[in-house]
Amino acid sequence: MPGEPTRIRPAVVVEWAEVFPVEYPVTLVVPLTRDERLARSRLAVQIDPTPENGAATTSWALAHHVGSVSLRRVKPTQSHITADQLRLIRLRIGLALDLPIVPGA
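Residues numbered from 1 in each chain as written. Predicted model: local features only at pLDDT ≥ 70, side-chain atom pairs only at ≥ 80, totals over all residues. Heavy atoms only, no water.

A short note on the pairing of strand S4 (residues 59-62)
Residues Ser59 and Ala61 line one face of S4 and the alternating positions Trp60 and Leu62 line the opposite face, and both faces are buried. Relative to S4, strand S2 (residues 26-33) runs antiparallel, the two being bridged by two bridges. Looking at the pairing, Thr33 lines up with Trp60 of S4. The pairing of strand S3 (residues 44-47) with S4 spans four bridges and is classified as antiparallel. Of the residues in S4, the one forming a bridge with Gln46 is Trp60. (Buried < 20%, exposed > 50% of the residue type's maximum accessible area, 1.4 Å probe, protein only. Helix = DSSP H or I, 4+ residues; strand = E, 2+ residues; numbered from the N terminus. Pairing = 2+ DSSP bridges.)

Here we look at the nonpolar core
One finds Val12, Val14, Leu28, Val30, Leu32, Val45, Ile47, Ala61, Ala63, Leu86, Ile89 and Ile93 forming the largest nonpolar core, which totals 12 residues. Apart from the residues within four sequence positions on either side, Ala63 is in contact with Val30, Leu43, Ile89, Arg92 and Ile93. (Core = buried A, V, L, I, M, F, W, Y, C linked by side-chain atoms within 4.5 Å. Contact = heavy atoms within 4.5 Å.)

Overview of unusual backbone geometry
The phi angle at Asp98 is positive, at roughly 60°, despite the residue not being glycine. Within the fold, Asp98 resides in the segment after helix H1 (83-96).

What about a nonpolar patch on the surface?
On the surface, Val66, Leu97 and Leu99 cluster together into a nonpolar patch covering about 250 Å² of accessible area. Residue Leu99 is classed as partly exposed on the basis of its relative accessible area, which comes to 48%. (Patch = residues over 30% accessible without salt bridge, like charges linked within 9 Å, V, L, I, M, F, W, Y side chains within 5 Å. Areas by Shrake-Rupley, 256 points an atom, 1.4 Å probe, with all protein chains shown as cover. Salt bridge = Lys/Arg side-chain N within 4 Å of Asp/Glu carboxyl O.)

Things to note about the side chain of Ser59
For Ser59, the position within the fold is in strand S4. Once residues lying within four places of it in the same chain are set aside, the contact partners of Ser59 are Leu32, Thr33, Arg34, Val45, Gln46 and Ile47.

Section: the pattern of salt bridges
In this structure the tally under the stated criterion is one salt bridge. Close ionic contact of Asp35 with Arg37 constitutes a salt bridge, the shortest N to O distance being 2.8 Å. Here Asp35 falls in the partly exposed class, since its relative accessible area comes to 24%. For Arg37, a relative accessible area of 68% gives the class exposed.

Spatial relationships are all this shows, so hold off on functional conclusions.
Structure (structure tokens):
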């Protein structure tokens, strides 16, 4: 089994509000991978490179690996995903956690 990452890894911040208070400096993220074998089709979102998002290669957001990380580990980049991709990632997080799907969410 893989261990906890010890280096900075690419991820998408998926926190939808100020979930955590200021005195608890963490955020929710979904890791990105370029290894398609790790992407479960129903639990990952494919992110293809476009001039708008700044991605260099195709990657997959692994919604089933959602987790919280310290804000000290978060390094902003120029890359970004679309609002539709973020919505899909959040829906897949709900699917991975067996949460009810809320229409319009």
